[in-house]
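Geometric and topological summary
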Amino acid sequence: MSWPDATTIAANVAAGRTSALSVTQAALAAIDAGNPALNAFTAITTERALAAAAAIDAAIAAGKPVGPLAGVPFAVKNLFDIAGLVTRAGAALTATDPPAARDAALVRKLEAAGAVLVGALNMGEFAYDFTGENAHDGACHNPHDLARMSGGSSSGSAAAVAGGLVPIALCSDTNGSIRVPAALCGIFGLKPTYGRLSRAGSYPFVASLDHLGPVARSVADLALVYDAMQGTDADDPAQTPRPVEPVAGLLGRGAAGLRVAVAGGYFRAGAAPDCLAAVDAAARALGAVEIVEFPHVAQARASAYLITASEGSALHLQRLRAHAAGFDPDTRDRFLAGAMLPAAMVQHAQRMRRWFAARCAEIFQRFDVVLFPATPCPAPLIGQKTIMLGEQEVPLRANLGVYTQPLSFIGLPVALAPVFAPGRLPVGVQIAAAPWREDLVLRVAASLEAAGVAAARPPE
Amino acid sequence: MTDDALDAFLTASATALGLSIDPAWRAGVATNLRVLFTAAALLEDGPLGPHDEPAPVFRPEGLAR
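One structure accompanies this document, and this report is about it.

Rules of the game
- Residues numbered from 1 in each chain as written.
- Chains lettered and ligands numbered in written order.
- Predicted model: local features only at pLDDT ≥ 70, side-chain atom pairs only at ≥ 80, totals over all residues.
- Heavy atoms only, no water.
- Buried < 20%, exposed > 50% of the residue type's maximum accessible area, 1.4 Å probe, protein only.
- Helix = DSSP H or I, 4+ residues; strand = E, 2+ residues; numbered from the N terminus.
- Salt bridge = Lys/Arg side-chain N within 4 Å of Asp/Glu carboxyl O.
- Contact = heavy atoms within 4.5 Å.
- Phe/Tyr/Trp six-rings, centres within 6.5 Å; stacked < 30°, edge-to-face > 60°.
- Pairing = 2+ DSSP bridges.
- Axes fitted to C-alpha atoms, helices over the stretch in contact; angles between N-to-C directions.
- Parallel < 35°, antiparallel > 145°, perpendicular 65-115°, else oblique.
- Left-handed = near helix turned anticlockwise from the far one by under 90°.

1. Focus: helix α5 (residues 155–162) of chain A
All names here are of chain A. The element α5 is extensively covered by neighbouring structure, given that eight of its eight residues are classed as buried. Of the positions making up α5, those classed as buried are Ser 155, Gly 156, Ser 157, Ala 158, Ala 159, Ala 160, Val 161 and Ala 162. In the segment just after α5, Gly 164 is the residue with positive phi, at about 80 degrees.

Laid out in structure tokens, this is it:
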């Protein structure tokens with residue numbers, strides 16, 4: 001399997017050691033060969049990709065500067081606008097929407113940096129999903145075991161990167177939709193701080209919780225693509241104006257001097273041994289011995305659940321009235337129930353959000369970075385309906401994000417570091433810091449990668 | 001909330017919102033509603049007092065961007 005990283009591709013293309021066209025052709029061939037088993041792509045933009053690659057090669061031949069991602073193939077979850085294509089957002093009901101007139105802001109940023117868009121990726125319907133299953137487009141398969149879930153809702157993004165089809169992909173994360181599939185597929189992911197990256201031109205799910213971010217097979221690649229996407233965009237009303245704060249040059253600092261703790265209590269209860277062992281291996285490598293308890297996490301997570309159900313359902317209320325039968329049955333019932341949620345319950349959840357953010361801010365005064373498990377278990381089987389949370393059998397869809405949801409609830413930056421124990425399916429470690437400290441979470445992820453604790457691996 | 005009360009709430013809400021709930025979906029919607037109400041009940045036992053304000057804050061200057 002081809003397993004090139006974006007950093008090497010860009011360096012080779014910029015130096016003329018290889019052409020953007022040959023890299024793009026290789027990626028398109030990898031998609032042709034690998035996608036039937038994974039079901040990661042829902043559209044392949046061959047013509048556009050070949051034209052973009054040829055333009056980069058022409059620029060290089062003319063001695064013009066090319067960006068830091070020159071010739072790097074990438075693909076996006078099909079909730080990102082791609083000019084000329086209908087933005088599916090994983091739904092059949094969107095099929096008759098007009099094609100997007102313009103690319104999403106982050107697609108434009110990556111192409112401006114020289115990256116080459118090769119297609120759109122499978123996802124759970126309207127991003128209300130942790131499984132990677134989709135009644136319309138079919139389930140996305142985990143490259144490490146095709147019978148198992150990729151995780152979702154950024155299912156195609158994680159499967160395409162883990163399966164060697166593209167080195168980087170873009171995702172959204174409302175409650176864990178970058179981190180859950182990255183963990184189950186064994187790749188790196190970054191959910192930046194809420195409000196950091198522009199969401200303009202992406203299909204919303206829960207405006208007050210939606211984030212966008214990348215997945216990749218190395219921390220250097222994550223940083224490269226994240227840096228290229230920073231910058232204020234007036235088209236996203238929720239974005240916080242911030243200066244561009246590049247992180248790629250900071251990765252070499254590692255974790256030295258950082259105060260690292262392990263989350264206890266709620267975040268140790270119910271996780272499978274593999275998931276806790278990964279957190280413990282990361283903690284050992286970082287010399288982290290302190291356990292920190294976060295208060296009222298169950299209420300925080302419940303609040304995220306309520307806000308998601310209410311806002312997401314309100315967004316789709318017209319469709320639920322007129323076309324409920326056209327929804328994926330697994331999301332339809334959740335959306336219908338969410339639409340009925342009394343306002344007082346949602347308002348209570350929004351008050352809990354501020355309370356929990358304030359308590360976590362106190363914790364991040366004492367610690368620079370905290371480690372958490374990503375999921376309660378490795379990848380379940382496709383079609384599985386329940387998982388074990390400790391001794392309790394619980395519904396899978398509602399609980400795969402039990403550890404990711406409290407962190408996105410308050411918008412913390414989180415890096416997802418994949419851990420492979422010998423002979424086992426991959427699991428993930430969440431590395432979280434105070435808002436706007438993407439530098440810290442990526443430095444710690446790079447430190448774990450350098451120590452050999454975290455790594456993405458090609459499927460066997 | 002009893003099953004009957006939940007069912008009555010579901011029926012009334014669907015009417016108020018103009019939603020048609022196919023009989024085949026009703027059990028699934030009720031299950032999800034039960035999960036949501038359980039989550040909301042958890043918050044009743046939470047730490048909030050009257051001075052804990054909600055997270056979204058309207059800032060008029062934000063509209064000028």
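2. Focus: the pattern of salt bridges
For the coordinates displayed, the defined rule picks out 22 salt bridges over all chains. The residue Arg 102 of chain A makes a salt bridge to Asp 235 of chain A at a minimum N-O spacing of 3.8 Å. Taken together, the residues span a long stretch of sequence, with Arg 102 of chain A in the loop between β2 (73–77) and α4 (105–112) and Asp 235 of chain A in the loop between α7 (219–229) and β9 (260–263) at a distance of 133 residues. Exposure remark for Asp 235 of chain A: the relative accessible area of 48% places this residue in the partly exposed category. Linking Asp 3 of chain B and Arg 34 of chain B is a salt bridge whose minimum nitrogen-to-oxygen distance equals 2.7 Å.

3. A look at the environment of His 296 of chain A
Tracing the sequence through the fold places His 296 of chain A in the loop between β10 (290–292) and α9 (297–315). Between the alpha carbons of His 296 of chain A and Trp 355 of chain A there is a distance of 9.8 Å; along the sequence they are 59 residues apart. Apart from the residues within four sequence positions on either side, His 296 of chain A is in contact with Met 352, Trp 355 and Phe 356 of chain A together with Pro 47 of chain B.

4. Looking at unusual backbone geometry
Residue and element names in this part refer to chain A. Residues Gly 152 and Ser 153 are joined by a peptide bond in cis, for which omega reads 15 degrees. Assignment of secondary structure puts Ser 153 in the loop between β5 (145–149) and α5. Look at Asn 39: it is not a glycine, yet its phi comes out positive at around 60 degrees. Tracing the sequence through the fold places Asn 39 in the loop between α2 (20–38) and β1 (41–44). For Asn 39, a relative accessible area of 22% corresponds to the partly exposed category. Look at Trp 436: it is not a glycine, yet its phi comes out positive at around 75 degrees. Mapped onto the elements, Trp 436 comes out in the loop between β15 (427–433) and α15 (438–450).

5. Regarding the packing of aromatic side chains
Any two aromatic rings considered together are summarised by their centre-to-centre distance and by the angle between their planes. All names here are of chain A. For the coordinates displayed, the defined rule picks out 16 aromatic pairs over all chains. Here Phe 126 and Phe 335 contribute two aromatic rings whose centre-to-centre distance is 6.2 Å and whose plane-to-plane angle is 75 degrees, an arrangement assigned as edge-to-face. Here the residue Phe 126 occupies a position in the loop between β3 (116–121) and β4 (141–142), and Phe 335 occupies one in helix α11 (residues 329–339), the gap between them amounting to 209 residues. We classify Phe 335 as buried; its relative accessible area is 0%. On the numbers, 5.1 Å between centres and 50 degrees between planes, the contact of Tyr 128 with Phe 205 is tilted. Here the residue Tyr 128 occupies a position in the loop between β3 and β4, and Phe 205 occupies one in the loop between β7 (188–191) and β8 (211–216), the gap between them amounting to 77 residues.

6. Considering the sheet that holds β3 of chain A
Residue and element names in this part refer to chain A. On the basis of which strands lie adjacent, the open sheet formed by eleven strands has the order β1-β3-β2-β6-β8-β7-β14-β15-β11-β9-β10 and mixed pairing. This sheet does not close on itself; its edge strands, each paired only once, are β1 and β10. Going across the sheet, the axis of each strand differs from the next one's by a mean of 30 degrees, ignoring polarity. Taken together, the two bridges between β7 and β8 define a ladder with antiparallel strand orientation. If you follow Gly 189 over to β8, its bridge partner there is Val 215.

7. Re the packing of α9 of chain A against helix α12 (residues 343–366) of chain A
All names here are of chain A. Between α9 and α12, the least distance of the axes is 8 Å, while the angle of their chain directions is 135 degrees. Classified by the interaxial angle, the pair formed by α9 and α12 is oblique. For the crossing formed where α9 meets α12, the hand is left-handed. Seen from α9, the contacting residues are Val 297, Gln 299, Ala 300, Ser 303, Leu 306, Ile 307, Ser 310 and Glu 311; seen from α12, they are Met 345, Val 346, Ala 349, Gln 350, Met 352 and Phe 356.

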